[in-house]
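Here is how the chains run, residue by residue.
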Amino acid sequence: MRDPVPAATHARTILAAHEHRRQIAPLTGWDAGLDLPAAYRVAAEVRHLRLARGERPVGRKIGFTNTTLWETYGVHAPIWGYVYDTTLLERAALTGPIPLAALVEPRIEPEIVFGLARAPEPGMDDAALLGCLDWVAQGFEIVQSLFPGWRFAAPDTVAAFGLHGLLVHGARVPITRDAAPAWIDGLAGFSIALLRDGAVADRGSARNVLGGGPLAALRHLIDVLAKDPGSPPLAAGEIVSTGTLTDALPVAAGQVWTTRISGLSLPGLDLTLA
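Cut-offs and rules
- Residues numbered from 1 in each chain as written.
- Predicted model: local features only at pLDDT ≥ 70, side-chain atom pairs only at ≥ 80, totals over all residues.
- Heavy atoms only, no water.
- Helix = DSSP H or I, 4+ residues; strand = E, 2+ residues; numbered from the N terminus.
- Contact = heavy atoms within 4.5 Å.
- Core = buried A, V, L, I, M, F, W, Y, C linked by side-chain atoms within 4.5 Å.
- Buried < 20%, exposed > 50% of the residue type's maximum accessible area, 1.4 Å probe, protein only.
- Axes fitted to C-alpha atoms, helices over the stretch in contact; angles between N-to-C directions.
- Parallel < 35°, antiparallel > 145°, perpendicular 65-115°, else oblique.
- Left-handed = near helix turned anticlockwise from the far one by under 90°.
- Nonpolar A, V, L, I, M, F, W, Y, C, P; charged D, E, K, R; others polar.
- Pairing = 2+ DSSP bridges.
- Salt bridge = Lys/Arg side-chain N within 4 Å of Asp/Glu carboxyl O.
- Expected span 1.5 Å × (residues − 1).
- Arc of directions from axis to C-beta.
- Phe/Tyr/Trp six-rings, centres within 6.5 Å; stacked < 30°, edge-to-face > 60°.
- Lys NZ or Arg CZ within 6 Å of the ring centre and 35° of its normal.
- 1 Å grid on protein atoms, 1.4 Å probe; cavity = no way out; pocket = protein on both sides within 12 Å on 5 of 7 lines; lining within 4 Å.
- Points joined across faces, edges and corners; volume = space filled by probe spheres on them.

K.L.:
In this structure, what is going on with the environment of proline 120? I would like to understand it.
P.N.:
By secondary structure assignment, the location of proline 120 is in the loop between strand 4 (107-116) and helix 4 (126-131). C-alpha of proline 120 to C-alpha of arginine 219: the two residues are 99 residues apart in sequence and 8.6 Å apart in space. Look past the residues within four positions of proline 120 in its chain and what remains in contact with it is Leu129, Cys132, Ile222 and Leu234.

Listed below in structure tokens is the structure:
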């Protein structure tokens, strides 16, 4: 039996591939010991390396929360990864198109993004979770695959930043106590249309996200982190992107992507790519 590959070795491989925009074979293809716990150890090493070069974690992204896509990607549960100050953008601050040159096989995902006012805890119901939020926004995550053709196993995705490339969020809508019931209902029942160059490319709904909406995704992440002593729990001030509401669609320079949301008090979002 081959000796297990050190997490730091995988982390350096992943970062080098990303920096050189070079796709690599899935790690699980040559390291049979890379299961999900081992992959999260790799992700922790990646975080240490990114911290050492000056990047700052500002939140988390949850991936594969859209259960309608599990069979397509061969996964059976959500994953999570870090969002950094270098990968987070606010739509209002953009002065031009988003460049895609640094990303590999990029795809776009419309998501709901939460800003945390206080640290949530395991076992909270929807009302208590909502009480931990400072704001809600619509976002676009630009995901990428360092593995050719988007072919991988779940541990590969965890090791490779949770497939995270960039996160762009729109206007931050504050959560007020008197509007809490409407937010709970809206976050569980809204629908969204994703448009490419003005034409509908896909449609989605809150129910696609773990059957219960973005708050269900947040609850899942809280519970997962509570069982993982190697990963820090969510803290006040972090942002959490809760997973795609539609399929993840390929993107190209020159495209304009927009969303229309129904049943939730959030404005749509637009993004031009270069």
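K.L.:
Whenever I open this one, the nonpolar core confuses me. Can you help?
P.N.:
In summary, soluble globular proteins display a tendency toward joint burial of nonpolar side chains. Counting residues in hydrophobic clusters, the biggest one holds 65 residues, and the most contacted among them are Ile112, Leu133, Trp183 and Leu218. Not counting the four nearest positions on each side in its chain, leucine 218 is found in contact with Ile62, Phe114, Leu129, Leu133, Leu234 and Val240. In this structure, Ile142, Leu166, Val168 and Trp257 belong to the second largest nonpolar core, which totals 15 residues.

K.L.:
Teacher, can you tell me more about the packing of helix 1 (residues 7-19) against helix 2 (residues 36-52) here?
P.N.:
The packing of two helices is summarised by the inter-axis angle and the distance between the axes. Running from N to C, helix 1 and helix 2 point in directions that differ by 60 degrees, and their axes come no closer than 8 Å. Viewed along their axes, helix 1 and helix 2 adopt a mutual orientation that is oblique. For the pair helix 1 and helix 2, the sense of crossing is right-handed. Residues Ala7, Ala8, His10, Ala11, Arg12 and Leu15 of helix 1 form the contact with helix 2, whose own contacting residues are Arg41, Val42, Glu45, Val46, Leu49 and Arg50. Class assignment for the residues of the contact of helix 1 with helix 2 results in seven nonpolar, one polar and four charged.

K.L.:
How do you make sense of the sheet that holds strand 8 (residues 191-196) when you look at a structure like this?
P.N.:
Within a sheet, neighbouring strands are paired by backbone hydrogen bonds and run either parallel or antiparallel to one another. Strand order in the open sheet formed by four strands is 9-8-12-13, with antiparallel pairing between adjacent strands. Each of the sheet's edge strands pairs with one partner strand only, and the pair in question is strand 9 (199-205) and strand 13 (270-272). Between one strand axis and the next, the sheet turns by 15 degrees as a mean value, whatever way the strands run. Sheet topology note: the strand 8/strand 9 ladder contains six bridges and is antiparallel. Following the sheet pairing, isoleucine 192 is matched in strand 9 by glycine 204.

K.L.:
Sorry if this is basic, but what is going on with the pattern of salt bridges here?
P.N.:
Any two side chains of opposite charge can pair, so long as their charged atoms come close to each other. Applying the stated criterion across every chain yields a total of eight salt bridges. For the salt bridge of arginine 53 with glutamate 19, the shortest nitrogen-to-oxygen distance reads 2.2 Å. Of this pair, arginine 53 sits in the loop between helix 2 and strand 1 (57-63) while glutamate 19 sits in helix 1, and the two are 34 residues apart along the sequence. Given the relative accessible area of 48%, glutamate 19 is considered partly exposed. The shortest N-O distance in the salt bridge between glutamate 55 and arginine 50 comes to 2.9 Å.

K.L.:
Looking at this structure, I do not really get the environment of leucine 249. What am I missing?
P.N.:
With respect to the element layout, leucine 249 can be found in strand 11 (residues 249-250). By relative accessible area, which is 13% here, leucine 249 ends up buried. Taking the C-alpha atoms as reference, leucine 249 lies 28 Å from tryptophan 183; in sequence the two are 66 residues apart. Beyond its immediate sequence surroundings of up to four residues, leucine 249 is in contact with Pro106, Arg107, Ile108, Leu194, Arg196, Ala201, Asp202 and Trp257.

K.L.:
Looking at this structure, how should I read helix 1?
P.N.:
Since the α-helix turns once every 3.6 residues, residues separated by three or four places project in the same direction. The end-to-end C-alpha separation of helix 1 is 18 Å, in line with the 18 Å expected for 13 residues at 1.5 Å each. Burial in helix 1 covers these residues: His10, Ala11, Ile14, Leu15, Ala17 and His18. Along the axis of helix 1, the buried residues cluster in a sector spanning 160 degrees; they form a single face. Those residues of helix 1 that are buried are in contact with helix 2 and helix 5 (154-159). Just downstream of helix 1 lies arginine 21, where phi reads positive at about 50 degrees.

K.L.:
I'm lost on the packing of aromatic side chains in this one. Help?
P.N.:
Within a pair of aromatic rings, the relevant descriptors are the distance that separates the centres and the angle that separates the planes. Enumeration over the complete set of coordinates arrives at nine aromatic pairs. Ring geometry for tyrosine 40 against tryptophan 80: centres 5.5 Å apart, planes inclined by 20 degrees, an arrangement best described as stacked. In this pair, tyrosine 40 sits in helix 2 while tryptophan 80 sits in strand 2 (residues 79-84), placing the two residues 40 residues apart along the sequence. A relative accessible area of 4% places tryptophan 80 in the buried class. Each member of the aromatic cluster is reached from another via a ring pair, and the members are Phe64, Tyr73, Phe147, Trp150 and Phe152. Over the ring of phenylalanine 161 we find arginine 50, and its NZ or CZ is 5.0 Å from the ring centre.

K.L.:
Where do I start with empty space enclosed by the protein in this structure?
P.N.:
By rolling a water-sized probe across the atoms, one finds the places where empty space is left. Inspection of every chain in the model, using the stated rule, returns two cavities of 30 Å³ or more. Put simply, the largest cavity is a space of about 160 Å³. In terms of lining, the largest cavity is formed by 20 residues, of which the most central are Gly63, Phe64, Glu109, Leu163 and Thr244. Looking at the lining of the largest cavity, the element that brings in the most residues is strand 1, giving three residues. Counted by class, the lining of the largest cavity contains 10 nonpolar, six polar and four charged residues.

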